[in-house]
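Structural overview for review
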Amino acid sequence: MGTFLGCAFTLTLLFCIAQGKVLYYDFVVKETPIDMLCETNRTVLTVNGLFPGPEIRAHKGDTIYVNVTNIGPYGVTIHWHGVRQIRYPWSDGPENITQCPIPTNSSFLQKVILTEEEGTLWWHAHSDWTRATVHGPIIVLPVGDTNYPYKFDEQHTIVIAEWYARDTKAIIDEALATGGDPDLSVAYTINGQPGDTYPCSNGLMYNITVMQGKTYLFRIIHSGMNEEMFFGIAKHNLTVVGMDGAYLKPLKTNYLMITPGQTMDVLVTTNQRPGRYYMLFSPFVDTNAPSNENVTRGIFQYSGSYNHSETPALPELPGFTNKSDAGNFTIQLRSLNSKEHLSTVPTKITRNITITVSVNQQPCPTNKTCLGPQGSMHSASLNNISFSTPSISILQAYYNNINGVYNKTFPDKPPFVFDYTGNVSALGEAAFVSTKVLMIKYNEEVEIRFQGTNFGAAENHPMHLHGYSFYVVGMGDGNFSDSYVSQYNTVDPPYINTVGLPKNGWTAIRFKANNPGTMTHRQKRIEKYCSYPFCH
């Protein structure tokens, strides 16, 4: 009874102190039949029967309550990707990190607190691989609706996703049990439509009709599970003006490279001859691991009279393996750093952390058949530690002083130094499986240097920090060196919540630890977590 009284008091208090409006949404998590790619009678987990799920639209400073009712077949959590959730991590979403799954046939009222975020974010399930179909946009408008640092006439939201031929929970459960590669997706979709390059997709292609001489804001969300994507519109330039709920200096380009978990706000001016043009998402594949090299496309068509039966023009995008173009796009991104949207990059670093990112192989347990390389098991790791998920949430264990759930021994640096991006064949690839966390003091100015390694199938790894956005002050290929610090951008680095760690490269991020709670970083392929919990 005490728990429910405590929740009631918290809600009442928040009604009093909320600076913006208080909004309400109802989410029903359920299995829904969706016909896709010749499949019939197939059900997938959705919110409110939609793929992608419903849009949340609010203003900077608003507070949102989402009543999540789960009538699906298993427990699930929802994460508000990029929302800081200031001093309220209990609704952040990572399963058994900040909260326990919402059991089937039950509800949980989640509180989403918007503070500094402004732009495009997204929400998604945070249990196993349920986010493949349980996801949707969060649009955070500026106060007054018109206080944008750029002009546009109309806006549209584009969600890129991956579609799987089997139930995604069954796929990840099987992969974790056998240590093998999870199934690949069989298609990419734009707003739930696979496009005309797939069988049985006639008519199932996203299209947008535009007027000549206008400027359109595209809010692009990458909700895919694994592959980075190039994006472009035939014969049209793009201007990137925002990313992950923050503004950027306008960057004119003819293509994007977007990592799973990232969002981008992009302006497109309709200055071409009226006609039909393909917009195309094409994967960036930088690994020897199995990858889905399909593409998906939609139609960007002008209104007016012209030959609508002409084959649309195709954009020229970098090739699947073009690492140079992928990297060159990313390093051009800069924060707006204007008077109204000032960059506050931490410069007095009090905590330096180095984290190696690997896809290890664990020995196969006795009397078990494993499907990883040479009969081993894949196991992603950070600093050679593969996270063992506890039975209750780490946040609950911390605040209730429950012993035995985690230990505080996650290291500030790798356990041993080696040529991370060189020949690692002589090194053992097994990681330690445990529940380790790293303690960070309140108000510390933190720098984390992520170092990709050549273990297993080296690849780009999307890294996302919960409860924070961070400044990407440096990025490069090979092994990190202290000499690179002098080359950091500490004036206007991009302020984002998800960054792609280059294959066999490094990325340096900075943030101020002023939001107590449990944070996590994620890795793709087989998700494991290293928790950075508690500002104290």
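Predicted model only: the values in this text are computed from it and were never measured.

Parameters and conventions
- Residues numbered from 1 in each chain as written.
- Predicted model: local features only at pLDDT ≥ 70, side-chain atom pairs only at ≥ 80, totals over all residues.
- Heavy atoms only, no water.
- Salt bridge = Lys/Arg side-chain N within 4 Å of Asp/Glu carboxyl O.
- Helix = DSSP H or I, 4+ residues; strand = E, 2+ residues; numbered from the N terminus.
- Buried < 20%, exposed > 50% of the residue type's maximum accessible area, 1.4 Å probe, protein only.
- 1 Å grid on protein atoms, 1.4 Å probe; cavity = no way out; pocket = protein on both sides within 12 Å on 5 of 7 lines; lining within 4 Å.
- Points joined across faces, edges and corners; volume = space filled by probe spheres on them.
- Nonpolar A, V, L, I, M, F, W, Y, C, P; charged D, E, K, R; others polar.
- Core = buried A, V, L, I, M, F, W, Y, C linked by side-chain atoms within 4.5 Å.
- Contact = heavy atoms within 4.5 Å.

This part covers the pattern of salt bridges. As enumerated under the stated definition, the model contains 17 salt bridges in all. Glu116 serves as the salt-bridge partner of Arg84, at 3.4 Å between the closest nitrogen and oxygen. Placement of Arg84 in the loop between β5 (78-81) and β6 (106-113) and of Glu116 in the loop between β6 and β7 (119-125) is noted, with a sequence separation of 32 residues between them. Judged by relative accessible area, which is 9%, Arg84 ranks as buried.

This part takes up the layout of surface pockets. If a probe the size of a water molecule is rolled over the atoms, the empty space left behind becomes visible. Space inside the second largest pocket adds up to approximately 530 Å³. If you trace the second largest pocket, you find 29 residues lining it, with Glu116, Leu342, Thr344, Tyr471 and Tyr495 closest to the centre. Within the residue set of the lining of the second largest pocket, elements represented by two or more residues are β15 (246-253), β26 (470-477) and β29 (505-512). It is β29 that contributes the most residues to the lining of the second largest pocket, three residues altogether. The class makeup of the residues in the lining of the second largest pocket is 10 nonpolar, nine polar and 10 charged.

Now for the nonpolar core. Among soluble globular proteins, nonpolar side chains are generally buried collectively. Residues Phe218, Ile220, Leu256, Phe300, Phe329 and Phe511 are the most contacted members of the largest nonpolar core, which totals 70 residues. At five residues, strand β18 (residues 276-284) tops the list of elements feeding residues into this core. When neighbours within four sequence positions are excluded, Ile220 is seen to be in contact with Ile158, Phe231, Leu256, Ile258, Gln262, Thr263, Met264, Val266 and Phe281. Listed in part, the 23 residues of the second largest apolar core include Phe27, Val47, Ile78 and Ala125.

From the geometry alone we can't say anything about function, so treat these as descriptive.
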